[in-house]
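Listed here are the chains, written in short residue letters.
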Amino acid sequence: MQELSMHVLDIAENSVRAEAGVIRITLVEDTGTDTLTLEIDDNGSGMDEETLGRALDPFFTTKTVRKIGLGLPLLAHAAHLAGGDFSIESRRGRGTKVLAHFTLSHIDRQPVGNMAETMITLIAGHPSVDFLYRHEKDGRVFVLDPREIKEELEDIPINHAEVLEFVRRTIIEGLREIESCA
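Residues numbered from 1 in each chain as written. Predicted model: local features only at pLDDT ≥ 70, side-chain atom pairs only at ≥ 80, totals over all residues. Heavy atoms only, no water.

Considering the overall build of the protein chain
Turning to step 1, where the next piece is worked out: Assigned secondary structure in the protein chain consists of six helices and six strands.
Turning to step 2, where the next piece is worked out: Going from the N terminus to the C terminus, the protein chain shows its helices and strands as α-β-β-α-α-β-β-α-β-β-α-α.
Turning to step 3, where the next piece is worked out: Scored against the burial criterion, the 182 residues of the protein chain give a buried share of 48%.
Turning to step 4, where the next piece is worked out: Considering only intrachain contacts with a sequence separation of at least 6, the fraction spanning at least 24 residues in the protein chain is 61%.
Turning to step 5, where the next piece is worked out: Only carbon and sulfur atoms are counted for the fraction: they give 50% of the accessible area of the protein chain, which is about 9,600 Å². (Helix = DSSP H or I, 4+ residues; strand = E, 2+ residues; numbered from the N terminus. Buried < 20%, exposed > 50% of the residue type's maximum accessible area, 1.4 Å probe, protein only. Contact = heavy atoms within 4.5 Å. Areas by Shrake-Rupley, 256 points an atom, 1.4 Å probe, with all protein chains shown as cover.)

In structure tokens:
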């Protein structure tokens, strides 16, 4: 994966498979401390201690369609390459939290990528899941809460083409306003 947005997509899809109803995706860019933090937190089924202990093993996966699970190991590797760190917390029945820190200016830090398209892909594919997206840069904040949009839509599905285009424009404009590197 060449961009952080692809890591977000992969991990959020794992959260959906873990039956999460709410997935919080947070990116924080802080030029003052030269850090970029990515956090993905869900209320899915979580992992037991044994599964959590093997989560960074690329030859371990709970998926039945393939025998390798590269998503978490690749994100951990990307964080370490960019002078950062990685952690994962999970409790059975409580959900999972993935946290990756990067040195913002590090030459090996992957670009954030197209978060608007990542969020649209997630929302379109899983309209019943609430993907809460928060992006902060130097204290300026953009928040996308699909629950608010769904409330306004009433009988129109959030994955309707015109609604998705509105969400896409909202994300692009919001990131532009906070001057994000995304």
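Brief notes about the packing of helix α1 (residues 4-17) against helix α4 (residues 115-125)
Turning to step 1, where the next piece is worked out: Following both chains from N to C, one finds α1 and α4 inclined at 20°, their axes separated by 9 Å at the closest point. In this view, α1 runs roughly parallel relative to α4, as classed from their interaxial angle. Considering the relative orientation of α1 and α4, their crossing is right-handed. Residues Ser 5, Met 6, Val 8, Leu 9, Ala 12 and Glu 13 of α1 form the contact with α4, whose participating residues are Met 115, Thr 118, Thr 121 and Leu 122.
Turning to step 2, where the next piece is worked out: A class-by-class count of the residues in the contact of α1 with α4 yields six nonpolar, three polar and one charged. (Axes fitted to C-alpha atoms, helices over the stretch in contact; angles between N-to-C directions. Parallel < 35°, antiparallel > 145°, perpendicular 65-115°, else oblique. Left-handed = near helix turned anticlockwise from the far one by under 90°. Nonpolar A, V, L, I, M, F, W, Y, C, P; charged D, E, K, R; others polar.)

Looking at the sheet that holds strand β2 (residues 35-42)
Turning to step 1, where the next piece is worked out: Sheet architecture is open: six strands sit in the order β3-β4-β2-β1-β5-β6, paired in mixed fashion. Edge positions in the open sheet fall to β3 (85-91) and β6 (140-144), since each of these has one partner strand only. Going from strand to strand, the sheet's axes swing by 10° on average, the running direction of each strand aside.
Turning to step 2, where the next piece is worked out: Relative to β2, strand β1 (residues 22-30) is paired through eight bridges, and the arrangement is antiparallel. Directly across from Ile 23, in β2, lies its bridge partner Asp 42.
Turning to step 3, where the next piece is worked out: The strands touched by α1 within the sheet are β1, β2, β4 (95-103) and β5 (130-137), with β2 carrying the most contacts at an inclination of about 15°. (Pairing = 2+ DSSP bridges.)

Let's talk about the nonpolar core
Turning to step 1, where the next piece is worked out: Core analysis: the biggest nonpolar cluster contains 47 residues, and Ile 25, Phe 102, Phe 131 and Tyr 133 have the highest contact counts within it.
Turning to step 2, where the next piece is worked out: Residues contacting Tyr 133, with those up to four places away along its chain left out, are Ile 25, Leu 27, Met 115, Met 119, Phe 142, Val 143, Leu 144, Ile 171 and Leu 175. (Core = buried A, V, L, I, M, F, W, Y, C linked by side-chain atoms within 4.5 Å.)

Remarks on the environment of Pro 111
Turning to step 1, where the next piece is worked out: Within the secondary structure layout, Pro 111 lies in the loop between β4 and α4.
Turning to step 2, where the next piece is worked out: The class of Pro 111 is partly exposed, set by a relative accessible area of 43%.
Turning to step 3, where the next piece is worked out: It is 5.2 Å that separates the C-alpha atoms of Pro 111 and Glu 3, two residues lying 108 residues apart in sequence.
Turning to step 4, where the next piece is worked out: Setting aside anything within four residues of it in sequence, one finds Pro 111 in contact with Gln 2, Glu 3 and Leu 4.

Taken by themselves, the reported measurements are silent on function.
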